[in-house]
Amino acid sequence: MKWAALVVLALAPLAGMGNYPLHLLIMCLLWGFVYTSWAIMGRLGMVSLGHGAFLGIGAYVVVLLWNHAGISPWLGTPIALVLTAVVAFVIGYPCFRFKIVGHYFALVTLALTEVARLVIVALRDQTGGSLGATPNTALADSAWSLGALQFSSKLIWFYIILVAWLAGLWIWGRVDRSMTRLALEAISQEEDAAASVGMNVTRLKLGVTLLSALMTCFGGVLYAQYQLYVNPETVSGIGISLQIVFGAIVGGMFVRLGPTVGAAITLLLAEVLRLAIGHDVHGLDTTIYGLMLVLFIIFMPKGILGAILEALEKRRAAKTAAATA
Amino acid sequence: MQVFDIFLLEAVVNGILLGGILALLALGLNLVFGVIDVVWICYAELIMLGMYAVYYGHNVFGWPLWLALVFGVAVVAVLGALLHQFVIRPVLAAEPINQLLVTGGVLFFLQAVATLAFGIEFKNIGIRLPQLSVGEMYLSVARLIAFLVALAGMIGMYLFLTRSYLGTAIRAISQDRAIMPLMGVNPNRIFLITSALGGGLAGLAACLLVLQYDIHPAIGLTFGPITFMVCVMGGLGNMIGGFIAAFIFAQFISVGGFFLHIEWGYVIAFVFFIGMMFWRPQGILGSK
Amino acid sequence: MLKLSNVSAGYGSFQALFDTSLEVNAGETVAVIGPNGAGKTTLLRVISRLIDASAGEMTMEARSLNTVPSHEVIAYGIAHVPENRRLFPRLSVEDNLRMGAYVPSARANFAERLERVYALFPRMKERRKQLAGTLSGGEQQMCAIGRALMSGPKLLLLDEPSAGLAPVVVQAIFEVVRKMSAEGYTVLIVEQNVQQVLKVADRAYLLETGRIKLSGRADELRENDAIKKSYLGL
């Protein structure tokens, strides 16, 4: 069933999908990947409002190295990942060491994402400031350039991003399996209890954070190369950081496919509203989206998919109870 | 060298005046933070709506400026109370992080509503206060007023909190919410009043910002983060700490901006904030 | 003055109080004694409406308390000194007392009542500027009682005033209770220190596992064999 769905998904674009639906599908998977990356740490109670910083590093480092030094994204990406790891470590280690949690962790990471945005804007001579930047094209006389990681075909991008997304889900599962139940609980709440049985909570948290940050950074690379345009507001700062958090929450950050469902719902909602209302009414789609978010967090904190799975679980439990009774 | 010094001095003095605005921005957020233990991530968006309220009062309805300013304060005060009643109250028992996130949802909502209602064009009330020249320095009159209002707001808030029954109750409720009914206090009523007060202070900040800045739906994002940093560095709910932190941040921004560029000023301030969090997570005045 | 008829209460599915009836008359000092977990604190919390009674009737001066919101109970003349004192630690002693006089009807008499509390507890006057959290245990208990008196109550509910205090301080606290009953206050006191409380009370109830097992005049209960054995260690 799972595999059949995957095959359908993988083959769908070959069945003559239009450019626009294909673009939407790619965006769903790309943001699904980024939201999943965030949720890998978010579900453990480490609510980062700073993932815009990692996304921004991924997007900008690769584009800037390509444009200013002619360094291929194949080399630029590892550089961006190393830089992300350093930043995540520098922020994460003291936070976990000194037990900065909850509001405080959220606000420290919020400061981080603002630093990233401001640095991008301040380096306007190199980055183009708030106008954004476009990677120098390598597609002048061919449809694709592997070295520059630029492809004019959306189909190629679909498969690249599909693989990334699947890898993200696989990592989620690996994290789940490699950590004992106790470790997971230790991270999210019973920190002192875990420390007393000799668990190195700081190291566990740091590991998860690094993983999450690196994946998000990679998402930033893919975003920049696919869109061939980066802008400080769309890849860093408080706006995108909150968008990542909310996408994951709407879908359900405690279940594996939740963040992806969140990405799909938010993207489709925006598109449907745009088609229904047209471009004339600025802000209506985000108004409804904002209202939904508020209602979600109040009434359905487990998200759409989380709530559905829970309801199914309950029904199944009720059925078994009825059967045994 | 002489010229250089006078410009540096101007940056320092302007930094002090900017500190006044930041202190005023932080005051309301700190009050709510300290009493209800909830961060209004959408605080700056309330200010944004307050600025629109002043604009509508003055430029659309044609009211005199003072009335429009009073209107601005009143609108945000009501919004603060509504925010508490309909958004915060249902999640008071939920996990702290949900309380933070729900106001983040409100942030999106308010921004979108403003876009929907007021459009994305920049608006301004058409009043620009002059620059004041002191010796060879030029100082912003609007900032000077903001500084004085912030100072008056601080003193007024201090007197209210220490001298009145309501103020004492507001301080008490953050220390022991559960026994407030035994004092004959309805905790929800105190929370509502506090939220309205916090909103009113945001409205006051809006009145001063509208004299200096153009209004647009996303303006909250430009000074929201710095306001959180000021509050946290001052020690959540510690108003005096917040006041001091405001001036420290303002100097980083103003002097840093003078030597480099205004964004670098902010970058230095934020990096300083992150460093401070590791060194003194309980705020500059807190004790370990 | 205060009358409970067949009151039951609990927390969620856990029932802590069963079918409890109790009466406090004006001018009396009534004690409720019993072991830890017998439901003594629950009893006071029900009277203050901090938790709901699941069954039964409560009246104060013939007016029903059953559906009164907890923050309005004080208007019926009931002041509650909670378990563990629960002062506001970062408010001064005087601000804590001010909170006791929060209800508008009490504010007018603030200065006069403050003098009365200071007369009863001279130590509080010396420490009036000090933060309540820095007081010693006995001083905190006095401050908590003073805070309750600030509302000018007809009935004072005391929850384990001697808990966690040194023996000398316990003596002082019961001296205060004796003084208050001499001054005509009506007091309902919940205690584990049976020996001491039966000396200051007029009447007492024995509460065990949520049920009233015995009641009577304090001097009679002191002679009761069961109480002697289980609670007085004689």
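Look above for the structure.
Presented here is a report on the structure given in the accompanying data block. (Residues numbered from 1 in each chain as written. Chains lettered and ligands numbered in written order. Predicted model: local features only at pLDDT ≥ 70, side-chain atom pairs only at ≥ 80, totals over all residues. Heavy atoms only, no water.)

**What to know about the interface of chain B and chain C**
Working step 1: The partner chain C presents 22 residues to the 20 residues of chain B that form the contact.
Working step 2: Contact between chain B and chain C buries roughly 2100 Å² in total, counting both sides, with carbon and sulfur atoms accounting for 65%.
Working step 3: On the surface where chain B and chain C come into contact, there are 2 salt bridges.
Working step 4: The partner of Asp176(B) in a salt bridge is Arg86(C), with the nearest N and O atoms 2.6 Å apart.
Working step 5: Taken together, the elements giving at least two residues each to the side of chain B that touches chain C come down to helix H6 (165-173) and helix H7 (187-209) of chain B.
Working step 6: Considering each element in turn, the side of chain B that touches chain C owes the most residues, 6 residues, to H6(B).
Working step 7: Per-class residue counts for the side of chain B that touches chain C are 12 nonpolar, 5 polar and 3 charged. (Contact = heavy atoms within 4.5 Å. Buried area = accessible area lost by both parts, 1.4 Å probe. Salt bridge = Lys/Arg side-chain N within 4 Å of Asp/Glu carboxyl O. Helix = DSSP H or I, 4+ residues; strand = E, 2+ residues; numbered from the N terminus. Nonpolar A, V, L, I, M, F, W, Y, C, P; charged D, E, K, R; others polar.)

**Topic: the interface of chain B and chain A**
Working step 1: Chain B puts 43 residues into the contact, and the matching count from chain A is 45 residues.
Working step 2: Buried surface at the junction of chain B and chain A, summed over both partners, amounts to about 3800 Å²; 86% is from carbon and sulfur atoms.
Working step 3: In terms of surface lost to chain A, no three residues of chain B exceed Leu101(B), Phe108(B) and Phe278(B), which account for 18% of the buried area on that side.
Working step 4: At the boundary of chain B with chain A, the tally comes to 0 salt bridges.
Working step 5: Among the elements that take part in the side of chain B that touches chain A, helix H4 (residues 96-118) of chain B stands out by supplying 16 residues, more than any other.

**Here's the deal with the arrangement of the chains**
Working step 1: Here 2 pairs of chains are in contact, and chains A and B lead that list by number of contacts.
Working step 2: Over all C-alpha pairs, chain A and chain C never come within contact, reaching a minimum spacing of 22 Å.

**Section: the packing of aromatic side chains**
Working step 1: In the structure shown here, the tally under the stated rule is 21 aromatic pairs over all chains.
Working step 2: Both rings, one in Tyr56(B) and one in Phe61(B), keep their centres 6.2 Å apart while their planes meet at 65°; by these two values the pair is edge-to-face.
Working step 3: The class of Tyr56(B) is partly exposed, set by a relative accessible area of 24%.
Working step 4: Classification of Phe61(B) by relative accessible area gives partly exposed; the value is 45%.
Working step 5: Ring centres of Phe243(B) and Phe247(B) lie 5.1 Å apart, and the angle between their planes is 70°; this geometry places the pair in the edge-to-face category. Residue Phe243(B) and its partner Phe247(B) are both found in helix H9 (residues 239-259); the two are separated by 4 residues, about one turn of the helix. Phe247(B) carries the same exposure label as Phe243(B), and that label is buried.
Working step 6: In this structure, Arg107(C) is placed above the aromatic ring of Tyr102(C), and the distance from its NZ or CZ to the ring centre is 4.8 Å.
Working step 7: Directly above the aromatic system of Phe18(C) lies the positively charged group of Arg211(C), at a separation of 4.1 Å from the ring centroid. (Phe/Tyr/Trp six-rings, centres within 6.5 Å; stacked < 30°, edge-to-face > 60°. Buried < 20%, exposed > 50% of the residue type's maximum accessible area, 1.4 Å probe, protein only. Lys NZ or Arg CZ within 6 Å of the ring centre and 35° of its normal.)

**Quick word on the pairing of strand E9 (residues 203-208) of chain C**
Residue and element names in this part refer to chain C.
Working step 1: Most of E9 sits out of view: 5 of its 6 residues are buried.
Working step 2: As defined by bridge partners, E9 adjoins strand E10 (residues 211-217) across 6 bridges and the pair is classed as antiparallel. Bridge pairing links Ala204 to Gly216 in E10.
Working step 3: Hairpin connection, E9 to E10: the antiparallel pair is bridged by 2 residues, and Thr209 has positive phi, about 40°. (Pairing = 2+ DSSP bridges.)

**Quick word on the sheet that holds strand E4 (residues 53-60) of chain C**
Residues and elements named next belong to chain C.
Working step 1: Strands sit in the order E2-E1-E4-E5 across an open sheet of 4 strands; the sheet is antiparallel. Both outer strands of the open sheet, strand E2 (14-24) and strand E5 (63-64), are each paired with one neighbouring strand and no more.
Working step 2: As paired strands, strand E1 (residues 2-11) and E4 are joined by 6 bridges and run antiparallel to one another. Bridge assignment links Ala9 to a residue of E4, and that residue is Ala53.

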